[in-house]
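Residue-level structure breakdown
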Amino acid sequence: MKLKNLNALVTGGSQGLGKVIAEHFLREGANVVICARGEKELRATRGELSQKFPAQKISVRTCDVSDEKQVSGLVAFALRELGSLQVLVLNAGIYGPMGPTESVSLDEWTQAMDINLYGVLLPCRAVIPHFKKAGRGKIIVLSGGGATNPLPNISSYAASKAAVVRLAETLAEELKSSHVDVNAIAPGALATRLV
């Protein structure tokens, strides 16, 4: 139980990798708040995880991580539910439009940037003051293949993930003296709904 009495907020946690991450945190003794856009999936995930880990607190809340007001509400909810936060896992993301950059929908391209980049920035901005006050914290950013290689015909995903890695590196330097660790992890291709 390496994470006993620690509390984590996991974005994009109702399915796929986010759900597996939340489950691993619970297995190691942590309490979690999970967010995603789909309420039905969130409730199903909470039910499944509550059966496996009845001793831990598992709370869920719908949230569009690209919406600052919703993110502020999510963090306030997490702090009320758990009392404190020690870990922020930023997993929410989408591929965005697929096709030649010059012909894909600009609205869909922008939406992918909003979710993949601002969906990391906004939760960080909301949680960092709490981590600084506590004198510690962990931020884990799920990066992707676009951060390491060009991805023809998936340009919004590639650009957003490259930006996310630079944001994580920058935050790591900014927060070092506050004892807040920031790491970006690129897990590689996974057999999830996104793939």
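Structure first, text after, so check above.
Reading guide: rules and limits
Residues numbered from 1 in each chain as written. Predicted model: local features only at pLDDT ≥ 70, side-chain atom pairs only at ≥ 80, totals over all residues. Heavy atoms only, no water. Buried < 20%, exposed > 50% of the residue type's maximum accessible area, 1.4 Å probe, protein only. Helix = DSSP H or I, 4+ residues; strand = E, 2+ residues; numbered from the N terminus. Pairing = 2+ DSSP bridges. Right-handed = clockwise from strand over helix to strand, strands pointing away. Expected span 1.5 Å × (residues − 1). Polar contact = N/O pair within 3.5 Å; in protein donor to acceptor, adjacent residues only side chain to side chain. Contact = heavy atoms within 4.5 Å.

**A word on the pairing of strand β1 (residues 7–11)**
In terms of burial, β1 is largely enclosed, as five of its five residues are buried. Alternating positions in β1 separate into two faces, Asn7, Leu9 and Thr11 on one and Ala8 and Val10 on the other, with burial throughout. The sheet contact formed by β1 and strand β2 (residues 31–36) spans five bridges and is parallel. The residue of β2 that forms the bridge with Val10 is Ile34. Handedness of the crossover joining β1 and β2 through helix α1 (residues 16–27): right-handed.

**Things to note about the environment of Pro150**
Considering the arrangement of structural elements, one finds Pro150 in the loop between β5 (137–142) and α5 (155–175). By relative accessible area, Pro150 is classed as exposed at 70%. Put simply, Pro150 and Ala162 are 12 residues apart on the chain and 9.5 Å apart in space, counted from C-alpha to C-alpha.

**Details of α5**
Side chains that are three or four residues apart share a direction in an α-helix, a result of its 3.6 residues per turn. For α5, which comprises 21 residues, the first-to-last C-alpha distance of 30 Å matches the rise-based estimate of 30 Å (1.5 Å per residue) to within 8%. Those residues of α5 that sit buried are Ser155, Ser156, Tyr157, Ala158, Ser160, Lys161, Val164, Leu167, Ala168, Leu171, Ala172 and Leu175.

**Regarding the side chain of Asn31**
Among the structural elements, Asn31 can be located in strand β2. Only 3.0 Å separates the side chain of Asn31 from the side chain of Asn7, close enough to count as a polar contact. In this view, Asn31 contacts Leu6, Asn7, Ala8, Leu26, Gln56, Lys57 and Leu82; residues no more than four positions away in its chain are not counted.

That's the geometry; what it means functionally is another story.
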